[in-house]
Amino acid sequence: MSLITREQYESEERLRLQVHATLSSETKGRAVEASPDLYRTEFQRDRDRILHCKAFRRLSHKTQVFLSPEGDHYRTRLTHTLEVAQISRSIARALRLNEDLAEAVALAHDLGHTPFGHIGEDALTECLHALGPEFPGAPRSFRHNFQSLRVVEHLEFGGKGLNLTWEVRDGIANHSGSLKASTMEGQIVAIADRIAYINHDIDDAIRGNVIDESDLPAHLTEVLGHRHDTRITTLVNALMDASDGASEITMTPLVWEAMLELRHWLFDNVYFSSVAKVEEPKAHGIVKSLFGHYMQNPEALPAEHRPVNPEDLPQAVVDYVSGMTDRFALRQFETIFMPRSWMF
């Protein structure tokens, strides 16, 4: 049996993928040129680098939505990432786009997320807003997509970064909000992210007795489905139906509007007002306290995070605090701010 080489993979891509697909052989390249691999395409190499990096491993101990839930089956940032990667790859395969590129973007899209979910992101933004004029070049808000890009470009591999391809970095930076990736594969991840979190957050909220399936608006479940698996299938099929033969990723209007309305319903009934969120002010305070401590005591930062220039301190603190897992942030807070028992 002969081995399958990179060149054979690239030839197969040119035959199989559609005209709007991103060919690995035509990547815009890396910031630092690297010799091609014998057996892996460029996007396959990126996927493997992401899977082996430290930031990816830390996702297993970062909150998705619910803080410190009692139970083993609630989503974490890692399981969310894996669900996004699975949905993205399935969509890319059906549309004859580059599965490896879609998977690489999906696996890296949340590497820069803070501990305690979006509440940590809000806390860091509040801290950055409050910075004085002595830090004119410091960021004034925290965006997890840009921090994810910073992780892969600057923070991983001893500060050298992962040296990913341009297309993967573009997909990471542009997966959130109104931003749009330049490749169709990156655009898939942006919508797959929503498909995944809307549905698994409903699943987790039902598991935690925060809501019941019957609480979901009936006019939306009539469109999307009455079960977790049915809703995902409806959304994925609507995306593929609308995107087949198109030059960008989109979704049929009826299903798209239903998905957005369901997302708004989740904000009102789960994300902002649920009993499961009562601990969030404490988490917000922990992140703010850690940021303030390291700003006042930069020598307490690990050596690899201490900035050479004092004006770079806010970014260095953001890098360190945002990279913490939930449990490490709690341990640091306890070590710094909680009194220790002693004997005499």
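Residues numbered from 1 in each chain as written. Predicted model: local features only at pLDDT ≥ 70, side-chain atom pairs only at ≥ 80, totals over all residues. Heavy atoms only, no water.

I keep staring at the overall build of the protein chain and nothing clicks. Help me out?
Regarding its fold elements, the protein chain presents 15 helices and zero strands. Whereas a compact globule of 344 residues would reach a radius of gyration of roughly 20 Å, the protein chain reaches 21 Å, a difference of no more than 12%. Expressed along its principal axes, the backbone C-alpha trace of the protein chain runs to roughly 75 × 55 × 45 Å. A separation of at least 24 residues holds for 69% of the contacts in the protein chain among residues at least 6 apart in sequence. Accessible surface, the protein chain as shown: approximately 16900 Å² in total, 54% of it carbon and sulfur. (Helix = DSSP H or I, 4+ residues; strand = E, 2+ residues; numbered from the N terminus. Rg over C-alpha atoms; globule rule 2.2 N^0.38 Å. Contact = heavy atoms within 4.5 Å. Areas by Shrake-Rupley, 256 points an atom, 1.4 Å probe, with all protein chains shown as cover.)

Which parts of the structure should I look at to understand helix H14 (residues 313–322)?
One full turn of an α-helix is made of 3.6 residues, so residues set three or four places apart face in the same direction. Buried residues dominate H14, accounting for nine of its 10 residues. Along H14, the positions that sit buried rather than exposed are Leu 313, Pro 314, Ala 316, Val 317, Val 318, Asp 319, Tyr 320, Val 321 and Ser 322. Those residues of H14 hidden inside the fold are in contact with helix H6 (118–129), helix H7 (144–155), helix H13 (280–296) and helix H15 (326–337). (Buried < 20%, exposed > 50% of the residue type's maximum accessible area, 1.4 Å probe, protein only.)

Help me out: how do you make sense of the side chain of Arg 194 in this one?
By secondary structure assignment, the location of Arg 194 is in helix H9 (residues 184–207). Beyond its immediate stretch of four places on either side in the chain, Arg 194 contacts Gly 177, Trp 256, Met 259 and Leu 260.

Got a minute to help me understand the pattern of salt bridges in this structure?
Two side chains of opposite charge can pair, provided their charged atoms sit close to one another. For the structure shown, the criterion picks out 29 salt bridges. For Asp 110, the salt bridge identified is with Arg 77, shortest N-O distance 3.1 Å. With Asp 110 in the loop between helix H5 (99–108) and H6 and Arg 77 in helix H4 (residues 77–94), this residue pair connects regions lying 33 residues apart in the sequence. Each member of the pair Asp 110 and Arg 77 is classed as buried. (Salt bridge = Lys/Arg side-chain N within 4 Å of Asp/Glu carboxyl O.)

So far we have only geometry, and geometry alone does not tell us how the molecule works.
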